[in-house]
Amino acid sequence: SGKKSKSGKLDRKKLEGAVDQILRDLEIEGEFRKPSLREVPIVRATMIPIFYGGLAYRYLKVEYKRSMGLELGDDEKQEVIERFLGGAAAWDALTDDEQDDLIAGDFWKRP
């Protein structure tokens, strides 16, 4: 029930506004949904160096503390032990008691 102009056509601006509102109200999921900001390729490309830079910083910080003989926090000790075990999956496969024993047993220290 849109208004027709003198030429008999629907008012384009009102029609576009109604279509835009309908599209905003729809919740489309799957591959046809509007991508989030993190999924836009240019944003992803700029986030890669930031992500890997953070990993490198954390690794170097822990290795510096280890080389200087400084005390590591439990999460840092866990990180070192995970590297020795071959990854986080191996750490997660251990029981809580085994994880506690590895951290308490100073297995994270340099040989």
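Scroll up a little and you will see the structure.
The notes below deal with the structure included here. Since we're looking at a predicted model, the values are computed, not measured. (Residues numbered from 1 in each chain as written. Predicted model: local features only at pLDDT ≥ 70, side-chain atom pairs only at ≥ 80, totals over all residues. Heavy atoms only, no water.)

## Observations regarding the nonpolar core
Item 1. Of all hydrophobic cores here, the largest spans eight residues; its members are Val-62, Leu-72, Val-80, Ile-81, Trp-91, Leu-102, Ile-103 and Trp-108.
Item 2. Among the secondary structure elements, those contributing two or more residues to this core are helix 3 (74-85) and helix 5 (96-104).
Item 3. Not counting the four nearest positions on each side in its chain, Trp-108 is found in contact with Arg-66, Glu-71, Leu-72, Lys-77, Val-80, Ile-81, Phe-84 and Ile-103. (Core = buried A, V, L, I, M, F, W, Y, C linked by side-chain atoms within 4.5 Å. Buried < 20%, exposed > 50% of the residue type's maximum accessible area, 1.4 Å probe, protein only. Helix = DSSP H or I, 4+ residues; strand = E, 2+ residues; numbered from the N terminus. Contact = heavy atoms within 4.5 Å.)

## What to know about a nonpolar patch on the surface
Item 1. A cluster of nonpolar side chains, Leu-15, Val-19, Ile-22, Leu-23, Leu-26, Ile-28 and Phe-32, forms an exposed patch at the surface whose accessible area comes to about 700 Å².
Item 2. With respect to the helices and strands, the residue Ile-28 is situated in the loop between helix 1 (12-25) and helix 2 (41-68).
Item 3. For Ile-28, a relative accessible area of 42% puts it in the partly exposed group. (Patch = residues over 30% accessible without salt bridge, like charges linked within 9 Å, V, L, I, M, F, W, Y side chains within 5 Å. Areas by Shrake-Rupley, 256 points an atom, 1.4 Å probe, with all protein chains shown as cover. Salt bridge = Lys/Arg side-chain N within 4 Å of Asp/Glu carboxyl O.)

## Some points on the pattern of salt bridges
Item 1. Tallying each qualifying case throughout the model produces eight salt bridges.
Item 2. A salt bridge links Glu-79 to Arg-58, with the shortest nitrogen-to-oxygen separation between them at 2.6 Å. Here Arg-58 lies in helix 2 and Glu-79 lies in helix 3, a separation of 21 residues in the sequence.
Item 3. Residue class for Glu-79 comes out buried when judged on its relative accessible area of 19%.
Item 4. By relative accessible area, which is 28% here, Arg-58 ends up partly exposed.
Item 5. The partner of Lys-65 in a salt bridge is Glu-76, with the nearest N and O atoms 3.1 Å apart. Taken together, the residues Lys-65 in helix 2 and Glu-76 in helix 3 connect sequence positions 11 residues apart. Per residue, the accessibility class of Lys-65 equals that of Glu-76, and both read buried.
Item 6. Each of Arg-58, Glu-63, Arg-66, Asp-75, Glu-79 and Arg-83 takes part in one network of salt bridges that share partners.

## A word on a negative patch on the surface
Item 1. A surface patch of like charges, here negative, comprises Asp-74, Asp-96, Asp-97, Glu-98, Asp-100 and Asp-101.
Item 2. The element that contributes the greatest number of residues to the negative patch is helix 5, accounting for five residues.
Item 3. Here Asp-96 is to be found in helix 5.
Item 4. Classification of Asp-96 by relative accessible area gives exposed; the value is 56%. (Lys, Arg positive; Asp, Glu negative; His and termini not counted. Charge placed at Lys NZ, Arg CZ, Asp CG, Glu CD.)

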